[in-house]
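Descriptive structure summary
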Amino acid sequence: MKLNIYTWLMGVCLFLSATPLLAQDRSISGRVVGVNDNAPLPGVSILVKGTSTGTTTDANGSYKLNAPANAVLVFSFVGYSPKEIIVGNQSVVDVSLELDNRQLNEVVVVGYGTVKKSDLTGSLASVKSKEINAFPATNVLQALSGRAPGVQVTQNTGAPGGNVSVRIRGTNSVQGSNEPLYVVDGFPTSGSNPTILNNSDIESIEILKDASATAIYGSRGANGVVLITTKQGKAGKTQVDYEGSYSIQTLRKKLDLMNAKEYATFYNMQATNDGVAPYFTQAQIDGFGEGYDWQNLIFRKAPMQTHNLTVSGGNEKTRYSIGGSIFGQQGIIIGSDYNRYSLRANVTTDVSKKFNLSYGATLTNINTSRQNNGGGNRGGSMISAAISAPPTLTPYNDDGSYRVLATSYPFISNVITNPLNYVNEQTDEVRANRVLANVAMTFKPFEGLAIKISGGIENSDDRTDAYTTTNFINSQGSASVSTAQGRSLLSENTISYNKSVGKHSLSAVAGFTYQDFLNTSLGASGVGFLSNVTETANLGSANTPGIPSTSYSFATLLSYLGRVNYSYNNKYLATVSFRADGSSRYSEGNKWGYFPSAALAWRVSEEEFLKNVPFISDLKVRASWGQTGSQAISPYATLNNLSAGKTVFDDALYNTFAPGTRLPGNLKWETTEQADFGIDAAFQNNRYRLSVDYYIKNTRDLLNTVQLPIGFGFTSTIQNVGQIQNKGLEIALDARVIDKAFKWDLGGNISFNRNKVIKLYNGADILGGTVGVTLINDNANLLREGQPMSVFFGYLKDGYTDLGKEKYKDLNGDGIINQLDKTIIGNPNPDFIYGLNSTMSYKGLELTLFLQGTQGNDLLNVSSINNTLDYGFGLNMPREVLYNHWSPTNPNAKYPVISRSNSYNYSDRLVEDGSYLRLRNIQLAYSLPLQQWRVNWMRTAQVYVSGQNLLTFTKYSWWDPETNSQGGANSIGQGIDHYSYPTSKAVTFGVRVGF
C-alpha cells in the first residue's frame, strides 16, 4: 500500500514537471507579402488566436514571435483578407495575403480629389487594373464594356484601332458630342477617345455618372466623366514588372454564301423569271462545283502582340513609376494593322514636409494602315466586293493579271471591283504622335490645408497618306496628304482643406482653371502619276494638282469651381458643389454657364437600431440633384463667318469673301438636369455587396441646325430647339460565393435606360442616318417628339403580290404607298445591357469568365440590301436566298421572287434583332509557387491562356451584332451595319512576371 502511494506521488511529480516542457513556447518567424505582387507588407498584425500575444511586421514584411506548437496565428491587414494559419511543427511561417477589394475603406478618385468609398454621396463605378488589363485591346475603353452599370460601350468597327463609342446613361445631345469627358491624371483631354494610353499603364478607371459627381466639371459633365489614373510609384525596393502576350485572331464566322453551282443556278432562275436566255448551260453548272471562296481572299489569321515593362519604386521622399509598351495588331483583313509605342513616367518628390512636386507624361506614337473596307454599293468596296464577287470566277486571269469583275459577265454590276485592287494597289496610312504632360506643385502650410498649382499640355500631330496606284482598275494614280494638329494648354489652381473635430468632418476644395484648344489642318492632293515609286512623297509630280485646303480654330474655357463635403458621426453625409464656366464659343450675354449640385447620404448601418444586426455590414441611402452642361457647338458658330471664293470680272479672276449660308444665332448652353436616388448595401462582413441607382435626366436647350425658308438669304441656322429625357435603373451585385481554399467571386450588373425626345423645334422631326445604296436610298433614323432617339423610320412589309413582288402596308388607307405610310419600324436603343464576371481560384490556379451583352436593340442591316434583294447585278448572296424565295409553291417565303424588276422601299425587312450574349473573355492562369521553390530573385510569375469573343449568341444574320457603321461622338445615325469591318475572335498566350 505504501509502495502504491509512493508510485502515485512520483507519477504526479513527473507529470507536473513535464507539463511546462510540453507547453513551452517556440520561436516562430516568417515574412508576409501580397499575393498579387509578392511585395512585403509592413505593419501586418499577427495575433495568437485566443490570446493577447502578438506582433507586427517590419518594413521588410518580416516578423518574429513566440507561440505554442498548437497555436493558430491570425494575420490581418487593412485592405487585405485576413488569414489563419495553424503553426503545427513549423518554425518558419511565410504568408501571402490577398487584396480584399470589397473593403469599404477603399479610396476612389473623384473630380479634383479622392474620397473613401463609404463616404460617397454620388453615383460612381470603379474598374481596377486587373479588369482593365484582362485581355489585349487597342482602346482602354473596351475594358469598360459590361464592367460598369449604366455604361454602354459600342465598337463601331472591328478594324485595328477602330473607334469606340461610350454612352453613360443614354444619349443627351443631337448636335453636340455624346461622349463622356475623359480626364487622365487630372487633365481633361480634348479628344473623344484616350488612344494615347496602354491598358497596362492604368491603375484604375472611375466613371462619374450622376450630377453630384459630374457637376464639378460643369459644361463638360452632361455625358458623364471618365477619370483615368495611371500607375504611380510607391516607396520601397525597386520593382520591375513585365507582361507579354501573343494572340491569334480569326474571323468570328463566315457568311454562308452560295457556291459556284448554286450561283449559276440562281442567275439562270433570274433570267428565266425575267424572260431572257439563261446565262449558263447545264454543262457549265455541273462543272462549277464549289468554286472560289472570296471571303478567304481578304480574311486571314492575324497575330497580335503586346509587351509592357514597368519599373517602379522609390523612398519616403521620391517615388517613381516608368513604363514602356509596344502594341502590335494585324487586322483580319489583309493590309490593315495598328501599331502603338508608348512611354510613360510618373515622378513625385517631397521637397520638404510642406512642399511636394509631381510630374507625369505619356508619349505615344501610333501607326495605322487602313483599308477601304466599309460601306459601298454593289461590290464597290472591299468588303462588299468580297461578299458579292461570283464564286464561279477566280481573282486572277490565266496570265496572272487581276480579273476585271465588272466586265466578266454581261449581267454583272459595273462597279464591282476585284478586292485585290484594294489589298495590293491602295494604301491609307495614318501616323500620329501624342503627348500628354502634367506638372504640379503642392504646398501644405499647415495640417489639413493644401494649395495646388498645376499645368499641362496635350498635343497631337497626325499625318494621313493615301495613295492609289496606276495598277488599280481605271486609275491614273492618285495621292493625298493631310495633316492635323491639336494643342490644349491647361492651368488649374486649387486650394483644399480637410478637418475633423469630434464627430464632425469637413473637406472642401475651391479654385479656378483655364484651358484652351487650338486646332489646325492642311490638305493637298494630286491625280495622274507617271510612276508609283514616289507615292505621296512628291505631290508636285501629279499631272493635275488638287487645290490645297487649310483650317484653323481656337477656343478657350475659363472656370471657377468649389465643393464642400461634410460628415457627421460618419452617418450623415452631404456634398455641395458649384462650377461657373465661361466659353468663347457662345454669344455675348450667354458666354457663362452655372452648374450647381447637391447630394445627401445616410449610413443607416451606423444607427444603433442596425449596428448590432450581424448580417448587415453596411447600408447607405443616397439622393442627389445637379445641373451639368454640353458646349455642343464648334468655335465661331455664333459669328457671321465669311466664305472664300472666286469670281470673274471682265476677263480676270478675283478672290472674294462673302457671308456664309448659315445665319449666326444667339445661342446658350445645353443644360442637363439630373436627379439620382441610390442604395449601397453590404452583407455578411462585406461578402455580398449591392448597389442600386434610379435616375432621371432632362436635357433642355438642345442645339441643332434648323433649315430656313427659301429666299431668306441664309439656308440654315443653329438654334436651341428642344428637350430630351433619359431615365433608368442600374443594379450591381458582387459576391464571394465560396471563401475557402477554393474561392469563387461572382459579380454582375444590369442597366435599364429609357430615352425619349420631349420637345423639338416647332414639333418637326429631325432626320439622321442614311440607307445609301442604289436600290434603296432613304433616311434611316428619326428624332420625333414622344419617341426614343434615333428610331428607325420606314415602311411595314405586307407580304407579296401575286407575282411575288414585295408589298407594303397602306397605313393611312388612301390607296397610295408614299411617305405618309412610313412609321416607326425599330429602335436601336437596348432595353437593357449587362455584364457578368466570374473568378474561381484554387492555390495557384485561376479561371476567369467574363460575359457581356445587350438585349432589345435593333440593327438596320444595310449590307443585306445588295446581297439578299438586288437580283439583277450578278452579286453573290447567302445560300438561303436560293432556297427560300417566293414561288407559286412557296408564297410565304422569306425573300421575294428572283427578278431584276423588283423594287423596294426602306422597310422593317431590313431591321433585325441586334441582341447578343458574348463570352468576352475566358482565361486560365497559373501562378508559379515561387516561395515553395525558394526563388527569391523573382516576386511573382504567372502564365495564362485566354480566349476573346470565342462564343457569341445572337439572332443577327450578318457577321457580328456589335457594330455601328455611322456611330460617332455626335451621330444620331445609330444601329446601322453597312459592310462593317467584322469583329474577330482570338486566342491569347501570355506571361506576367515581377522582379
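Residues numbered from 1 in each chain as written. Predicted model: local features only at pLDDT ≥ 70, side-chain atom pairs only at ≥ 80, totals over all residues. Heavy atoms only, no water.

When helices and strands are tallied, the chain shows 11 helices and 52 strands. Computed over the C-alpha atoms, the radius of gyration of the chain is 33 Å, within 12% of the 30 Å expected from 2.2 N^0.38 for a compact globule of 995 residues. Dimensions of the chain, computed from C-alpha atoms along their principal axes, come out at roughly 130 × 75 × 65 Å. Buried residues in the chain amount to 50% of all 995 residues. Excluding contacts between residues fewer than 6 apart, the proportion of contacts in the chain whose partners are at least 24 apart in sequence is 69%. Side-chain charges in the chain split into 83 positive and 78 negative, and the spacing between the mean points of these groups amounts to 8 Å. (Helix = DSSP H or I, 4+ residues; strand = E, 2+ residues; numbered from the N terminus. Rg over C-alpha atoms; globule rule 2.2 N^0.38 Å. Buried < 20%, exposed > 50% of the residue type's maximum accessible area, 1.4 Å probe, protein only. Contact = heavy atoms within 4.5 Å. Lys, Arg positive; Asp, Glu negative; His and termini not counted. Charge placed at Lys NZ, Arg CZ, Asp CG, Glu CD.)

With that settled, the discussion passes to the pattern of salt bridges. Taken as a whole and judged by the stated rule, the model has 41 salt bridges. In this structure, E262 and R879 form a salt bridge, with 2.9 Å as the shortest nitrogen-oxygen distance. Remark: R879 occurs in helix α11 (residues 879-883) and E262 occurs in helix α4 (residues 260-273); sequence separation between them is 617 residues. For R879, a relative accessible area of 21% translates into the label partly exposed. (Salt bridge = Lys/Arg side-chain N within 4 Å of Asp/Glu carboxyl O.)

With that settled, consider the packing of aromatic side chains. By the definition in use, this model includes 29 aromatic pairs. Their ring planes at 85° and their centres at 5.6 Å tell us that F280 and F288 sit as a pair that is edge-to-face. With a centroid separation of 5.3 Å and an interplanar angle of 80°, the aromatic rings of F299 and W959 are classed as edge-to-face. Here W959 lies in the loop between β50 (952-954) and β51 (976-977) and F299 lies in the loop between α6 (295-298) and β18 (302-314), a separation of 660 residues in the sequence. Take F299: its relative accessible area is 10%, and that puts it in the buried class. Through a chain of ring-to-ring contacts, three or more aromatic side chains come together here, namely Y263, F266, Y267, Y279, F280, F288, Y409, F411 and Y871. Taking the ring centre of F850 as reference, the NZ or CZ of R147 above it sits at 3.8 Å. Looking at R992, its charged tip hangs above the ring of Y944, at a distance of 4.1 Å from the centre. (Phe/Tyr/Trp six-rings, centres within 6.5 Å; stacked < 30°, edge-to-face > 60°. Lys NZ or Arg CZ within 6 Å of the ring centre and 35° of its normal.)

The next point concerns the environment of Y267. Position of Y267 among the secondary structure elements: in helix α4. A relative accessible area of 0% means that Y267 is categorised as buried. Ignoring any residue separated from it by four or fewer positions in sequence, one finds Y267 in contact with Y279, F411, D870, Y871, G874, L875 and M877.

Okay, the side chain of S587 next. Take S587: it is sitting in the loop between β28 (572-583) and β29 (592-603). Accessibility expressed as a relative area gives 10% for S587, which makes it buried. In terms of polar contacts, S587 uses its side chain to reach the side chain of N666, at 3.4 Å. A polar contact of 3.1 Å, which involves the side chain of S587, links it to the backbone nitrogen of L667. With residues near it in sequence (within four places) discarded, S587 still touches T638, G665, N666 and L667. (Polar contact = N/O pair within 3.5 Å; in protein donor to acceptor, adjacent residues only side chain to side chain.)

A sheet is described by the order of its strands in space; here four strands give the open sequence β38-β39-β40-β43, paired in antiparallel fashion. Edge positions in the sheet fall to β38 (766-772) and β43 (823-826), since each has one partner strand and no second. For this sheet, the mean inter-axis angle between neighbouring strands, taken without regard to orientation, is 45°. (Pairing = 2+ DSSP bridges. Axes fitted to C-alpha atoms, helices over the stretch in contact; angles between N-to-C directions.)

Below, the discussion takes up the confidence of the model for the chain. Looking at the chain as a whole, the pLDDT averages 89, with 96% of positions reaching at least 70. Across residues 1-23, where pLDDT falls below 50, the model places zero contacts with residues more than four positions away in sequence or in other chains. (pLDDT = per-residue confidence, 0-100.)

A word on α4. An α-helix turns once every 3.6 residues. As a result, residues three or four positions apart point the same way. Look at α4: 20 Å from first C-alpha to last across 14 residues, which is about the 20 Å you get at 1.5 Å a residue. By the burial criterion, the buried members of α4 are A260, E262, Y263, A264, F266, Y267, N268, Q270 and A271. As for α4, its buried residues are in contact with α5 (282-288) and α11. Where α4 begins, the side chain of N259 points an oxygen toward the backbone nitrogen of K261, at a separation of 3.2 Å. Within two residues after α4, G275 carries a phi angle of roughly 75°, on the positive side. (Expected span 1.5 Å × (residues − 1).)

Glancing now at the sheet that holds strand β3 (residues 54-56). Here four strands make up an open sheet; going across it, the order is β3-β2-β5-β6 and the pairing antiparallel. Strand pairing shows two members of the sheet lacking a second neighbour, β3 and β6 (80-86), which therefore form its edges. Going from strand to strand, the sheet's axes swing by 15° on average, the running direction of each strand aside. Sheet topology note: the strand β5 (residues 72-77)/β6 ladder contains five bridges and is antiparallel. Of the residues in β6, the one forming a bridge with L73 is I85.

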